[in-house]
Amino acid sequence: SENLPEKVGGCSAIVSQDSCSNEKTEKPELPVTTLYTHEACTKHFMGHNHPESPDRVKAILTALKAHFGERQQLKWQKAEAASTEDLKRYHSEAHVRGLLSKFKRSEEKAI
C-alpha cells in the first residue's frame, strides 16, 4: 500500500483509512483515505529558515491531485476551524493560551 504523509504543510492531516470488500467479486477494494485541508494552509509562512512553506504545501497538494486525479482512493475534505477545546486535546492549556494571545494581538494590529 502507498504511504502518504500524516501531515501536509503542517496543518492538514490524513485522518482516516477505510477498506471495503466488493461482495460480488469478493476482491477487496482499495482503501479510501480522507485528507482534511484548507486554503489557509497554503498561506502559512513559518519563516525563511523553516522547511514548511506555502510553496511546499502547494507542491504537495498538486502532487497528490496529479497522482490520485479522480480516483476514489483519496477523498478531499475541507478542514473546519478547531475550537479551543479541540486544541486542548493535543496541546497544554498554557500553549493554547499563548497561541490565542498571539492571535488577539495580531487582530488588534490589523484593525
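Located above this text is the structure these notes cover.
Here the structure is a predicted model, which is why all the values come from computation and not from measurement.

Asks: How should the overall build of the protein chain be read in this particular structure?
Replies: When you go through the protein chain residue by residue, the secondary structure sums to three helices and four strands. Each helix (α) and strand (β) of the protein chain, taken in turn from the N terminus, gives the series β-β-β-α-β-α-α. Within the span of the protein chain, comprising 111 residues, buried residues form 18% of the whole. Counted over contacts in the protein chain with a minimum sequence separation of 6, partners at least 24 positions apart contribute 47%. Summed over its atoms, the accessible surface of the protein chain is roughly 9,000 Å², and 52% of this surface lies on carbon and sulfur atoms.

Asks: For this particular structure, what's the right way to read the environment of Val32?
Replies: Residue placement: Val32 occurs in strand E3 (residues 32–37). Each C-alpha atom, one on Val32 and one on Gln72, is 6.8 Å from the other, the two residues being 40 residues apart in sequence.

Asks: How should helix H1 (residues 54–68) be read in this particular structure?
Replies: Each full turn of the α-helix corresponds to 3.6 residues, which orients residues three or four apart in the same direction. Between the first and last C-alpha of H1 there are 21 Å, a value that for 15 residues agrees with the 21 Å anticipated at 1.5 Å per step. Residues of H1 that are buried include every one of Pro54, Val57, Ile60, Leu61, Leu64 and Phe68, and no others. What you see down the axis of H1 is that its buried residues fit within an arc of 130°, all on one side. Every exposed residue of H1 that faces more than 90 degrees away from the buried side is listed here: Asp55, Thr62 and Ala66. Where H1 terminates, the next one or two residues include Gly69, which has phi positive at roughly 50°.

Asks: Looking at this structure, how should I read the side chain of Gln73?
Replies: Inspection of the secondary structure puts Gln73 in the loop between H1 and strand E4 (74–78). Residue contacts for Gln73: discarding those within four places in its chain leaves Leu30, Pro31, Val32, Thr33 and Phe68.

About the cut-offs
- Residues numbered from 1 in each chain as written.
- Predicted model: local features only at pLDDT ≥ 70, side-chain atom pairs only at ≥ 80, totals over all residues.
- Heavy atoms only, no water.
- Helix = DSSP H or I, 4+ residues; strand = E, 2+ residues; numbered from the N terminus.
- Buried < 20%, exposed > 50% of the residue type's maximum accessible area, 1.4 Å probe, protein only.
- Contact = heavy atoms within 4.5 Å.
- Areas by Shrake-Rupley, 256 points an atom, 1.4 Å probe, with all protein chains shown as cover.
- Expected span 1.5 Å × (residues − 1).
- Arc of directions from axis to C-beta.

Purely geometric stuff here, so don't read any function into it on its own.
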